Amino acid sequence: MIRHFLRDDDLTPAEQAAVLDLAARMKTDRYGHQPLAGPKSVAVLFDKQSLRTRISFDVGIAELGGHPLVVDTQVTHFGRGETLADAGRVLSRYVAAIVLRTHGDDRIAEVAEHATVPVVNALTDTYHPCQMLADLLTVRERFGGTAGRILAYVGDAANNMAHSYLLAGATAGMHVRIAGPAGFQPDPEIVARAEKIAATTGGSVQVLTDPAEAVRGAHVVATDTWTSMGQESDGLDRITPFLPYQVNAALLGYADADVIVLHCLPAHRGEEITDEALDGPHSAVFDQAENRLHAQKALLTFLLEESA
Ligand code: CP
Ligand code: NVA
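All figures in this text were calculated on a predicted structure; none of them were measured in a lab.

**A closer look at the UniProt feature "binding site: L-ornithine" (unreviewed entry) in the chain**
Move 1: Residues given the UniProt feature "binding site: L-ornithine" (unreviewed entry) here are Asn160, Asp224, Ser228 and Met229. The named residues occupy 70 residues along the chain; their greatest pairwise C-alpha distance, 11.6 Å, places them in one compact cluster.
Move 2: On the secondary structure map, Asn160 appears in helix H6 (residues 160–171).
Move 3: The contact partners of Asn160, leaving out residues within four places of it in the chain, are Leu123, Thr124, Asp125, Thr126, Tyr127, His128 and Ser228.
Move 4: With respect to the helices and strands, the residue Ser228 is situated in the loop between strand S8 (220–223) and helix H9 (249–252).
Move 5: We classify Ser228 as partly exposed; it has 19 C-beta atoms within 10 Å.
Move 6: Here Ser228 is in contact with Asn159 and Asn160, once residues within four sequence places are set aside.

**Examining the pairing of S8**
Move 1: With burial as the criterion, each face of S8 is covered, one bearing Val220 and Ala222 and the other bearing Val221 and Thr223.
Move 2: In this sheet, S8 lies alongside strand S5 (residues 150–154) in parallel orientation, the contact comprising three bridges. Bridging across to S8, Tyr153 finds its partner in Ala222.
Move 3: Note: S8 against strand S9 (residues 260–263), four bridges, orientation parallel.

**A look at the site of ligand 2**
Move 1: Residues in close proximity to ligand 2 include Leu123, Asn159, Asn160, Met161, Asp224, Thr225, Ser228, Met229 and Cys264, which together make up its full environment.
Move 2: For the shell around ligand 2, the class distribution of residues is four nonpolar, four polar and one charged.

Reading guide: rules and limits
- Residues numbered from 1 in each chain as written.
- Chains lettered and ligands numbered in written order.
- Predicted model: local features only at pLDDT ≥ 70, side-chain atom pairs only at ≥ 80, totals over all residues.
- UniProt positions renumbered as here; feature names shortened; annotations may be inferred.
- Helix = DSSP H or I, 4+ residues; strand = E, 2+ residues; numbered from the N terminus.
- Contact = placed C-beta atoms within 7 Å.
- Buried ≥ 20, exposed ≤ 12 C-beta atoms within 10 Å, placed from the backbone.
- Pairing = 2+ DSSP bridges.
- Near = placed C-beta within 6 Å.
- Nonpolar A, V, L, I, M, F, W, Y, C, P; charged D, E, K, R; others polar.

Okay, structure coming up:
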């Protein structure tokens, strides 16, 4: 069976742990794993902008002995009517895996439905599951594990990062608290799914509006931009309602003394996070960014092995 990674909960708790174990091994022995030797090619396609995802997949596929094909879809036929189903079928004849950053989840689902190789979600409007593997790897490095740790995400609780923290955090046995203003709350269906997962892993899920309540005693405080890609002209006030959710010294004062601060980047310094929080002693954001590389190498290796 072909294994795709479209949502965080496409990996069971045991599989997520295995991918993170492998990522840690790949980080210590960076050039010692060559599952894509041949080389096998991997297509990495972007409907939206990227720095980290683009470069970390490109470098990671090369380090696995493979050949990365990083393509902006504007130069393909994606935008002028070639169906995603046909693109999935055609690409499967050339490459060992397809990595796609796109808008709606229906788009990546259509590729996956017709592809005969693994398809990986490199961010959609609803999820950012590759980022979560990097975040969880960072939490493991700093705390020795994920289970039982409190993770507070504050800010736009309706975006892809919030949804992925719910699912990936619950899968990792974490106590996930998501806080955002009214009108920017997570999809209840995803919250329900996360609750179900948490019930099996010993984790928990809470959706709140009070940022201090979310951050109180937290081991991990995470945030993200208040304006995700594609929302620049959605007509909503994406500053005023979020001001109480800024990650700054005052908010971090409620957290555990050893709290780490995460941000998937790019950051809008002075909006969702201050320079002091991003550059300060609690920040783990650059380890987090580096861990995209190791986590994605492990993920690709796992999916290809499972699909063989
Ligand atoms: N965090 C993240 O996905 O960054 P990019 O948008 O630069 O890929
Ligand atoms: N929520 C952000 C994440 C960027 C990595 C966005 O979708 O733009």
